[in-house]
Every structure is written in structure tokens, then in C-alpha cells.
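Understanding the architecture of this molecule
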Amino acid sequence: IPPVPSFRGIPLKYISLVTLAVQNSLLTLIMHYSRVSIPPSQSYSAPTAVLLNELLKGSISLAIAFARINRVTPYTSDTTQLPLTVSRFWHPTKILLRVRRLGREVFSPDCWKLSIPAILYVIQNNLQYVAATNLEAATFQVSYQMKILSTAAFSVILLRKQLSASQWLALLFLAIGVGVVQIQTGVSDTSKASSLLFHETSMNALKGFLAVFAACFTSGLAGVYFEMVLKNSQSDLWIRNVQLSAFSLLPALIPIILSRPSETGFLSSLFENFGAWAWATVAIQVIGGLVTAMVIKYSDNILKGFATSLSIVISFLASVALFDFQMTFTFILGSVIVLIATWLYNQPGRNPSTSRLVYVGK
Ligand code: C5P
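Remember, it's a predicted structure, so these values are computed and weren't measured experimentally.

Each value, and the rule that gives it
- Residues numbered from 1 in each chain as written.
- Predicted model: local features only at pLDDT ≥ 70, side-chain atom pairs only at ≥ 80, totals over all residues.
- Heavy atoms only, no water.
- Helix = DSSP H or I, 4+ residues; strand = E, 2+ residues; numbered from the N terminus.
- Buried < 20%, exposed > 50% of the residue type's maximum accessible area, 1.4 Å probe, protein only.
- Contact = heavy atoms within 4.5 Å.
- Areas by Shrake-Rupley, 256 points an atom, 1.4 Å probe, with all protein chains shown as cover.
- Near = heavy atom within 4 Å.
- Polar contact = N/O pair within 3.5 Å; in protein donor to acceptor, adjacent residues only side chain to side chain.
- Nonpolar A, V, L, I, M, F, W, Y, C, P; charged D, E, K, R; others polar.
- UniProt positions renumbered as here; feature names shortened; annotations may be inferred.
- Salt bridge = Lys/Arg side-chain N within 4 Å of Asp/Glu carboxyl O.
- Phe/Tyr/Trp six-rings, centres within 6.5 Å; stacked < 30°, edge-to-face > 60°.
- Axes fitted to C-alpha atoms, helices over the stretch in contact; angles between N-to-C directions.
- Parallel < 35°, antiparallel > 145°, perpendicular 65-115°, else oblique.
- Left-handed = near helix turned anticlockwise from the far one by under 90°.
- Core = buried A, V, L, I, M, F, W, Y, C linked by side-chain atoms within 4.5 Å.

1. Points about the overall build of the protein
Helix and strand content of the protein: 14 helices and two strands. Counting every position in the protein, which comprises 362 residues, the buried fraction comes to 51%. Taking all contacts inside the protein whose residues are at least 6 apart in sequence as the whole, residues at least 24 apart take part in 86%. When the accessible area of the protein is evaluated, it comes to approximately 17,400 Å², of which 71% is carbon and sulfur surface.

2. Observations concerning the site of the ligand
Close to the ligand lie 14 residues, the nearest being Lys57, Asn125, Lys147, Ser219 and Lys304. In the environment of the ligand, an oxygen atom lies 2.6 Å from a nitrogen or oxygen atom belonging to the side chain of Ser219. One of the side-chain nitrogen or oxygen atoms of Lys304 is found 2.7 Å away from an oxygen atom of the ligand. Considering the ligand on its own, with 480 Å² of exposed area, one finds that the protein chains cover 93% of that surface. Going through the elements one at a time, helix 5 (115-134), helix 9 (205-231), helix 10 (237-258) and helix 12 (276-298) are the ones with two or more residues in the shell around the ligand. For the shell around the ligand, a count of residues per class yields five nonpolar, six polar and three charged.

3. Quick word on the UniProt feature "transmembrane region" (unreviewed entry) in the protein
Mapped onto this numbering, the UniProt entry gives "transmembrane region" (unreviewed entry) at residues 168-185, 205-226, 238-257, 277-296, 303-323 and 329-346. With 100% helix and 0% strand, residues 205-226 has end C-alpha atoms that lie 31 Å from one another.

4. A few points about the pattern of salt bridges
Scanning all chains against the criterion turns up five salt bridges. With a shortest N-O distance of 2.8 Å, Asp110 and Arg240 are connected by a salt bridge. Here the residue Asp110 occupies a position in the loop between helix 4 (92-106) and helix 5, and Arg240 occupies one in helix 10, the gap between them amounting to 130 residues. Two residues, Lys161 and Glu227, come together in a salt bridge whose shortest N-O distance is 4.0 Å. Here the residue Lys161 occupies a position in the loop between helix 7 (147-158) and helix 8 (165-188), and Glu227 occupies one in helix 9, the gap between them amounting to 66 residues. When salt bridges with common partners are traced through the structure, they connect Lys161, Glu227 and Lys231 into a single cluster.

5. Points about the environment of Arg104
Examined against the element boundaries, Arg104 turns out to sit in helix 4. Take Arg104: its relative accessible area is 48%, and that puts it in the partly exposed class. The spatial distance from the C-alpha of Arg104 to the C-alpha of Leu344 is 45 Å, given a sequence separation of 240 residues.

6. Observations concerning the packing of aromatic side chains
Tallying each qualifying case throughout the model produces eight aromatic pairs. Ring geometry for Tyr44 versus Tyr129: centroids 6.3 Å apart, planes at 90 degrees, classification edge-to-face. Taken as a pair, Tyr44 in the loop between helix 1 (12-36) and helix 2 (46-72) and Tyr129 in helix 5 lie far apart in primary sequence, 85 residues in all. Here Tyr44 and Tyr129 have matching classes, each one buried. With centroids separated by 5.3 Å and ring planes inclined at 75 degrees, the aromatic side chains of Tyr44 and Phe274 adopt a geometry described as edge-to-face. Linking Tyr44 in the loop between helix 1 and helix 2 with Phe274 in the loop between helix 11 (266-270) and helix 12, this pair joins segments that are 230 residues apart in sequence. The exposure class of Tyr44 is buried, given its relative accessible area of 3%. Clustering of aromatic rings is evident, with ring pairs tying together Tyr44, Tyr129, Phe271, Phe274 and Trp279.

7. Looking at the packing of helix 10 against helix 12
Taken N-terminus to C-terminus, the directions of helix 10 and helix 12 make an angle of 130 degrees; their axes are 11 Å apart at the nearest point. In terms of orientation, helix 10 lies oblique with respect to helix 12. When the axes of helix 10 and helix 12 are compared, the crossing they make is right-handed. Residues Leu237, Trp238 and Asn241 of helix 10 lie in contact with helix 12, whose contacting residues are Leu290, Ala293, Met294 and Lys297. Here the residues of the contact of helix 10 with helix 12 sort into five nonpolar, one polar and one charged.

8. What about the nonpolar core?
Ranked by internal contacts, the top residues of the largest apolar core, which has 77 residues, are Val212 and Phe226. Ranked by the residues each element gives to this core, the list is headed by helix 9, at 14 residues. Dropping the residues within four chain positions of it, Val212 is found in contact with Ala131, Leu135, Phe140, Ser143, Tyr144 and Met146. Leu20, Val291, Val295 and Ala307 belong to the second-largest nonpolar core, a separate cluster that totals five residues.

Pasting the structure below:
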């Protein structure tokens, strides 16, 4: 049995799950605040944020992949014959050899497989901004839990995961819980009062829910597809991340190219109103992408859903404090149902969820 990857004795699986829960709460709040705390005419470009996210994530993954390349591909005859003077890490010949091996890994014959989750994630990341702009932070967070449903469906179809009766029941509860939260939102639409936010009244709940619904679909499909590619091959996680970011660049650029040209010039229009909150949103998303990849590697997509619903509790409390969010009975009821469903889903049953896929990479 291979050793469980850990950091200071704590399994990476738990570290990554807890980090993801905290990251999710922060992202929901900061993304929402970055969009609604300023008048719509002064808001920053979401496609620019999505592109920056991919560029930063790709660069970090590339640096990690470069540092790990000796572990990923064993030394070949061309490197073992090097004289001792070039054994230092930073020697140009060694760097060149590393770059060559990295290039071979990144441009592997199966790299095209990452184009599918890459396109889906770019669509999802853009939709997230639409949802965060049109829904209250906590409402967005709870509705976004529907991705557990789509993830379970795609896990059954693509990964042949087997779910127990109680897990199917938990999925039903989840759908009901999300439905109850949505009823509450319909009512609260008419009673908006927030001195902190500028365009709370210009929020469009229907548009927000449609965006969340579509984002849940792409989240489930992209996550399960990424898990399938990762666990079906020997390739390194960081190489896969580089391939994912590389394939994301073109779809992330399309909305930018199609957007209306501004008189201020291309670059300055890209970064128009791109202030500290926009950069904070991008930074938290970059961390989220990297942690998500680790969660998919060390546990799986369905457990990832559990971590993100834990973050609901944190976001609730922060929403009340920061955004003057009015909690009603139906909102609390719906959220409690979502949390109970998540707990039920993770109970070990007689037929626990099993995947035929085990991670075999490095
Ligand atoms: O909501 P969900 O958990 O599906 O969000 C996944 C997020 O993680 C997306 O923003 C996606 O771009 C990112 N991701 C990533 N690298 C991966 C897998 C997901 O950056 N390998």
C-alpha cells in the first residue's frame, strides 16, 4: 500500500479539504463584495479576472512542475552522462534538459483531453461572476451546492461510482433544501434594504439562479472529467494543471476579444476599475483552483462537495455581519436541510460509494 501523502503528519486529504472550505467562504464573500459594493458603471471586467486566474494558476503550476520534473520522469541516458560540473540545479545545461523533459510531458499525446474540462471551467468561472452579481452571497453559496447533484450524476455515469440508498436520499434532500432557499430569495427580492451596497436593487435573482444552475452542470462534468483523466494515467497533477490552464487561455480570451473596444485602448480597458477587491477575488480563485486540483487528487469530487457545504455556515454568519443579510425562517430551514443532506451523504452505508478508479500518478 503506498504511503498516505501528508504534511507534518496530517494527511494532505484533510488539509486540502479544510483549506477548500475556508477558501470557498472567502471567495463567495469577496467576489460578491467586489461586484456589488460599487455602482455597476464602475465594475471591473469579469472576463479579465477569469483570464488572469488562468494565467496565474498556469504559471504557478508550471513552476511546481519544473521543480518536480526529476520525480516525474526518471533520468535518461542524456542526463546521466553529464559531467559532474553540471550537476548543480541552476546549470544552463541542466535547466535546458529539464525544460526539454517538461515540454515532452506537457505536450504529451493525450494532452488534448484537458481541453474539455478547460472549456467547461472557463464557462463556469464566467457564470460565477454573473451569479455573484445577481444573488446575495449566502443565497449563491447554498444554491451552488446543487453541484453535488450534478457531480454525483456524472460520477455514476463516467466513473461508474456506486451510491447507496441513503446517498440517493441525501441527494433528494439536497435538491429540496436548495428549493426552499430559492423560495426565500423570491420573497426577499421585494424587501431589499442595504445601506452598504450600491446596486442591490439592480440584482436579478432569475438571472442569478440560471447562472448558478448552468455553473453547477459545468462544475460536475468538468470536475469528474478531470478526475477521470488524472486517475486514468500516470501523468503528474501539476503537468495536468498546466495543460488545463493552457487550454483555458483561448476560451478565456474570446469574451475579451468580443467585448466592445474602448476609447482608452485595449490594455487599459482590460484593467478598467480593476482595484484591490478585484485582485483579491482573483488571488482567492487562484488558490481555490490549486486546492481543488489537490482535493480531486487526494480524495474525490463528491467529498469536495462536502467541504464546500461546510463553508456555508461561515458565509452565513459573515453575510449577516457584512452585508446586512436578513435571515428568515425558510432560509435557515433550507440551509439546515442542505447541511443534513451533506452529512447523510457522507455516512458510511452498507454499500459505500466506491470508485473503480484509484489515483496511480505521482
Ligand atoms: O465549483 P468547483 O469546485 O467545480 O470549482 C472548481 C474551480 O477550480 C474552478 O474555478 C476551476 O477553474 C478550478 N480548477 C482548477 N484546476 C483544476 C480543477 C479545478 O483550477 N485542476
